[in-house]
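Per-entry structural report
Read off the chains here:
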Amino acid sequence: MSESSAEAVVAATANVAGAAGAANWRRAGIAGAAIGVLAAGAAAGVAVERLTVGRGMRKKARLALDATGPYGSLRGTPGRAVADDGTELYYEIDEVEVAPTTADEGASGSRRRRLFGRKAPVPVTVVFSHGYCLGQDSWHFQRAALRGLVRAVYWDQRSHGRSGRGRSQADGVPVGIDQLGRDLKAVIDAAAPEGPVVLAGHSMGGMTMMALADQYPALIRDRVAAVALIGTSSGKLGEVNFGLPVAGVNAVRRVLPGVLKALGSQAELVEKGRRATADLFAGLIKRYSFGSKDVDPAVARFAERLIEATPIDVVAEFYPAFTEHDKSGALPGFRDVPVLILAGDKDLVTPSSHSEAIADVLPDAELVIVPDAGHLVMLEHPETVTDRLADLLVRSGTVPAANVGGHGSTAQQPGR
């Protein structure tokens, strides 16, 4: 897409978004299509599917996948943390399953523990932080595989999933990665107030962990046992080209923040546009989420549902924070613990070169570049991600190697 054509798309989008009373489906569809084309450059791959499969059939297929797909069905013990600005942050805890010992059974065992003051050790807690426009359910496969083996906390970042909308943002304060780091600290204080912690983050979640390290170095030094950084970046995201030609990239960088802001101010209209142009958005989500062509349709639809659930004004609210993000100076805080750095080799959102840059600062870390994988590598190649996470937990002493066994694979029941 040329720079001039990108600007034409922007003009069309702004006209639709700004038109008073333009709440009909046709004009809403134009708004949705315009931002979709701008974001994708040219959604060429979608056209073939449209020519071969009817819209009604595609809609029925989506409904069928929604009804039968097991992904995102796992639930844990719910809880809420309160951020420093009063925002409620929703999390769930999966407790570790501990087999009772002979000493633990019966009154005599309980009495023995009281007499000798024996106290069970505080288990390690693995805290999973999700990415932009996603939610805690994006860890579905890893959660299924590790369920019961480790104590785990899954949380929704502010304005995502079941967490509350950011209170500061309602007052006009821009959201920043530093705020997300403070949110993570609030979740840890509420859900894992003591004992060792393993931090795992994807994309924005990894940036959140870097912000935590930047602001709370003592927490990292005293309590963090291991770190997993998946499909993330320590900075320079403003240089990402999203797989677009130079002219298209320049146009997107110049106008996208303003377009998103304008669309965010017309959220109701644009949400209708997103629904009206569901086919286009499905193609865009697939292009920017996955690197291989043979993604399970149920997994692809699951990714669509996660992203579709993020309101357009939240999308607009968070976007500027990424171009400002620079936490390379916080990375040395992770040098004294086992670190996993993993990325897909076809990630167009946070290219694998960003993971390699992190590895340059953390030379003792394990760097894994997954072939034929895009940004949502934990959904596209779940067994690889879970296997490396399980190995990290073993290396850090979080779980014994004997306990992991086949749980490093999600080839079992996905909704286990």
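Residues numbered from 1 in each chain as written. Predicted model: local features only at pLDDT ≥ 70, side-chain atom pairs only at ≥ 80, totals over all residues. Heavy atoms only, no water.

Time to look at the overall build of the protein chain. Check the secondary structure of the protein chain and you find 19 helices and eight strands. Counting every position in the protein chain, which comprises 416 residues, the buried fraction comes to 52%. For the protein chain, the proportion of contacts with a sequence separation of at least 24, taken over those separated by at least 6, is 80%. (Helix = DSSP H or I, 4+ residues; strand = E, 2+ residues; numbered from the N terminus. Buried < 20%, exposed > 50% of the residue type's maximum accessible area, 1.4 Å probe, protein only. Contact = heavy atoms within 4.5 Å.)

Once that is clear, we can look at the packing of aromatic side chains. Considering all chains together, one arrives at five aromatic pairs under this definition. Ring centres of Phe128 and Tyr154 lie 4.7 Å apart, and the angle between their planes is 10 degrees; on these two criteria the pair is classed as stacked. Taken as a pair, Phe128 in strand 3 (residues 125-129) and Tyr154 in strand 4 (residues 151-155) lie far apart in primary sequence, 26 residues in all. As far as burial versus exposure is concerned, Phe128 and Tyr154 are alike and both buried. (Phe/Tyr/Trp six-rings, centres within 6.5 Å; stacked < 30°, edge-to-face > 60°.)

The next point concerns the nonpolar core. Membership of the largest hydrophobic core comes to 44 residues, with the highest contact counts inside it found for Phe128, Phe290, Leu342 and Leu379. In this structure Phe290 touches Val295, Val299, Ala300, Ala303, Gly374, Leu376, Leu379 and Glu380, once residues within four positions along its chain are discounted. Of all hydrophobic cores here, the second largest spans 35 residues; its members include Leu89, Ile188, Leu199 and Ile341. (Core = buried A, V, L, I, M, F, W, Y, C linked by side-chain atoms within 4.5 Å.)

Our focus in this paragraph is the environment of Pro196. Within the element layout of this structure, Pro196 appears in the loop between helix 8 (177-191) and strand 5 (197-202). The class of Pro196 is partly exposed, set by a relative accessible area of 29%. Not counting the four nearest positions on each side in its chain, Pro196 is found in contact with Val122, Pro123, Val124, Thr125, Arg223 and Ala225.

What follows concerns the sheet that holds strand 4. Paired through backbone hydrogen bonds, the strands of a sheet run either parallel or antiparallel to each other. If you walk across this open sheet you meet the eight strands as 1-2-4-3-5-6-7-8, and the pairing is mixed. Two strands bound the open sheet, and with one partner strand each, they are strand 1 (77-82) and strand 8 (366-370). Geometrically, the sheet is characterised by an average inter-axis angle of 20 degrees between neighbouring strands, direction not taken into account. Bridge count for strand 7 (residues 339-344) against strand 8 is five bridges, and the pairing is parallel. Bridging across to strand 8, Ala343 finds its partner in Ile369. The sheet contacts of helix 9 (residues 204-215) involve strand 3, strand 4, strand 5 and strand 6 (224-230), and relative to strand 5 the element is tilted by about 135 degrees. Packing of helix 18 (residues 382-395) onto the sheet brings it into contact with strand 3, strand 5, strand 6, strand 7 and strand 8, and relative to strand 7 it is tilted by some 170 degrees. (Pairing = 2+ DSSP bridges. Axes fitted to C-alpha atoms, helices over the stretch in contact; angles between N-to-C directions.)

When the terminal C-alpha atoms of helix 14 (residues 297-308) are compared, their 16 Å separation across 12 residues agrees well with the 16 Å that a helix rising 1.5 Å per residue should span. When you tally the buried positions in helix 14, you get nine out of 12 residues, the bulk of the element. Backbone nitrogen of Ala298 and a side-chain oxygen of the N-cap are separated by 2.9 Å at the start of helix 14; the cap is Asp296. (Expected span 1.5 Å × (residues − 1). Polar contact = N/O pair within 3.5 Å; in protein donor to acceptor, adjacent residues only side chain to side chain.)

Attention now moves to the confidence of the model for the protein chain. Summary statistics for the protein chain give a mean pLDDT of 79 and a share of 66% for residues scoring 70 or more. Across residues 101-118 the pLDDT falls below 50, and counting only partners more than four positions away or on other chains, this stretch makes nine contacts in the model. (pLDDT = per-residue confidence, 0-100.)

Two elements in contact, helix 8 and helix 9, have axes whose closest approach is 7 Å; the angle formed by their N-to-C orientations is 80 degrees. In terms of orientation, helix 8 lies roughly perpendicular with respect to helix 9. Every residue of helix 9 that contacts helix 8 at Ile177, Asp178, Leu180, Gly181, Arg182, Leu184, Lys185 and Ile188 is listed here: Met204, Met207, Thr208, Met209, Ala211, Leu212, Asp214 and Gln215. Taken together, the residues that form the contact of helix 8 with helix 9 break down as nine nonpolar, three polar and four charged. (Parallel < 35°, antiparallel > 145°, perpendicular 65-115°, else oblique. Nonpolar A, V, L, I, M, F, W, Y, C, P; charged D, E, K, R; others polar.)

Let's shift gears to the pattern of salt bridges. Pairing of side chains with opposite charge becomes possible as their charged atoms draw close. Scanning the entire structure with this criterion turns up 24 salt bridges. Across the pair Arg75 and Glu92 runs a salt bridge, and its minimum N-O distance is 2.8 Å. Note that Arg75 is positioned in the loop between helix 4 (55-68) and strand 1 and Glu92 in strand 2 (residues 88-94), a separation of 17 residues in sequence. Across the pair Arg151 and Glu95 runs a salt bridge whose closest N-O atoms are separated by 3.1 Å. In this pair, Arg151 is assigned in strand 4 and Glu95 in the loop between strand 2 and helix 5 (106-116), connecting sequence segments 56 residues apart. A relative accessible area of 13% means that Arg151 is categorised as buried. With relative accessibility at 43%, the residue Glu95 sits in the partly exposed group. Several salt bridges converge on common partners, so that one network encompasses Arg75, Glu92, Asp94, Asp137, Arg143 and Arg147. (Salt bridge = Lys/Arg side-chain N within 4 Å of Asp/Glu carboxyl O.)

With that settled, consider the side chain of Asp94. Here Asp94 lies in strand 2. At 2.9 Å, the side chain of Asp94 and the side chain of Arg143 are in polar contact.

If you trace the backbone, Ser355 turns up in helix 16 (residues 352-361). Sequence spacing of Ser355 and Ala343 is 12 residues, and the spatial spacing of their C-alpha atoms is 6.6 Å. Those residues within four positions of Ser355 in sequence are excluded, and the remaining contacts are Thr232, Ile341, Leu342, Ala343 and Leu367.

On a regular strand, one side chain projects to one face of the sheet and the next to the other, so that they alternate. In the sheet, strand 1 pairs with strand 2 via six bridges, with the strands oriented antiparallel. Residue pairing in the sheet places Val82 in a bridge with Glu88 of strand 2.

Glancing now at unusual backbone geometry. A positive phi angle, close to 70 degrees, is found at Ser159, a residue other than glycine. Locating Ser159 in the fold gives a position in the loop between strand 4 and helix 7 (167-170). Classification of Ser159 by relative accessible area gives buried; the value is 6%. At Lys236, a residue that is not glycine, the phi angle is positive and equals roughly 65 degrees. Inspection of the secondary structure assignment puts Lys236 in the loop between strand 6 and helix 11 (246-264). Judged by relative accessible area, which is 61%, Lys236 ranks as exposed.

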